[in-house]
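Structural features, examined
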Amino acid sequence: MFAAFRKFRFGWFFSTFWAGDGGMCLSGPEGSGTVKLLGIPDSVESAARAPRLTAPTELTPYKIRARTFFSFPQDFEALIMATGGVTGPFFPSAENGLSEEHWRHFWSEALYRGSGRNPGCPELFNPALTGEEIS
């Protein structure tokens, strides 16, 4: 998966490409509680069965267009890109991976602020810290 993005006067432009069972999402501006999926996960049972993008059947214009998405948000708090090994425990089914509620939980409760089971990693998202301080 990849994401290319740039800020313009009107807001942000995102172009994403997603293949496999991982996931990509934008978390809206802080406190908004909004999320936006940046693609659709493949229905695969394991990473070993993820599509091979070099296979001739995957390199058709139709398949490439089906995996490419565009978004124009005004603002966002975080771009989340995760492999299937990361999303698997949080999205045990393909339906969960398409649920905005599950993505909100993944960002706010698991990654950013943390929960009882997972303390999160808020210091990674503190723009006031230098790379050395985060390490």
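The preceding data block contains the structure.
Basis of the calculations
- Residues numbered from 1 in each chain as written.
- Predicted model: local features only at pLDDT ≥ 70, side-chain atom pairs only at ≥ 80, totals over all residues.
- Heavy atoms only, no water.
- Buried < 20%, exposed > 50% of the residue type's maximum accessible area, 1.4 Å probe, protein only.
- Helix = DSSP H or I, 4+ residues; strand = E, 2+ residues; numbered from the N terminus.
- Phe/Tyr/Trp six-rings, centres within 6.5 Å; stacked < 30°, edge-to-face > 60°.
- Pairing = 2+ DSSP bridges.
- Patch = residues over 30% accessible without salt bridge, like charges linked within 9 Å, V, L, I, M, F, W, Y side chains within 5 Å.
- Areas by Shrake-Rupley, 256 points an atom, 1.4 Å probe, with all protein chains shown as cover.
- Salt bridge = Lys/Arg side-chain N within 4 Å of Asp/Glu carboxyl O.
- Axes fitted to C-alpha atoms, helices over the stretch in contact; angles between N-to-C directions.
- Core = buried A, V, L, I, M, F, W, Y, C linked by side-chain atoms within 4.5 Å.
- Contact = heavy atoms within 4.5 Å.

Where burial is concerned, most of strand β3 (residues 23–27) is hidden: 5 out of the 5 residues are buried. Burial along β3 is two-sided: the residues G23, C25 and S27 and M24 and L26 are all buried.

Under the criterion given, the structure shown has 11 aromatic pairs. The interplanar angle of 45 degrees and the centroid separation of 6.5 Å between the aromatic rings of W12 and F14 together place this pair among those described as tilted. Comparing W12 with F14 shows no difference in burial state: the two are buried. Centre to centre, the rings of F13 and F70 are 6.1 Å apart; their planes meet at 25 degrees, and the pair counts as stacked. You can see F13 sitting in strand β2 (residues 11–17) and its partner F70 sitting in strand β5 (residues 68–71), a full 57 residues away along the chain. Looking at F70, the relative accessible area reads 51%, which means it is exposed. An aromatic cluster is defined as three or more aromatic residues linked by ring pairs; in this entry it consists of F8, F10, F13, F70 and F72.

Here we take up the pairing of β2. For β2, the tally of buried residues reaches 6 of 7 residues, placing the bulk of the element in the interior. Linking strand β1 (residues 2–8) back to β2 in an antiparallel pair, the connection comprises 2 residues. Sheet topology places β2 next to β5; 4 bridges connect them, and they run antiparallel. Looking at the pairing, F17 lines up with T68 of β5.

Let's shift gears to a nonpolar patch on the surface. Where nonpolar side chains cluster on the molecular surface, the patch consists of F8, F10, F70 and F72 and spans about 430 Å² of accessible area. According to the relative accessible area criterion, F72 is exposed, its value standing at 51%.

Time to look at the sheet that holds β2. As summarised here, the arrangement of the 3 strands in space is β1-β2-β5, forming an open sheet in which the pairing is antiparallel. In this open sheet, the two strands that pair with only one neighbour each are β1 and β5. Adjacent strand axes in the sheet meet at a mean angle of 10 degrees, parallel and antiparallel pairs treated alike.

Moving on, we come to the nonpolar core. In this structure, C25, V35, L37, A78, I80, F91, W103, F106 and W107 together form the largest nonpolar core, which totals 9 residues. Residue assignment for this core shows that the elements contributing at least two residues are β4 (35–37), β6 (78–82) and α4 (100–112). Broken down by element, this core gets its largest block of residues, 3 residues, from α4. The contact partners of F91, leaving out residues within four places of it in the chain, are N96, G97, H102, W103 and F106. Of all hydrophobic cores here, the second largest spans 7 residues; its members include F14, M24, L26 and F76.

Read from one edge to the other, the open sheet built from 3 strands follows the order β4-β3-β6, with strand pairing classed as antiparallel. Looking at strand neighbours, the two that pair on one side only are β4 and β6, the edges of this open sheet. Here the strands of the sheet are splayed against their neighbours by 20 degrees on average, with no regard to which way each runs. Two elements, β3 and β6, share 5 bridges in a ladder whose sense is antiparallel.

Honestly, that's just the spatial picture; any functional story needs more than this.
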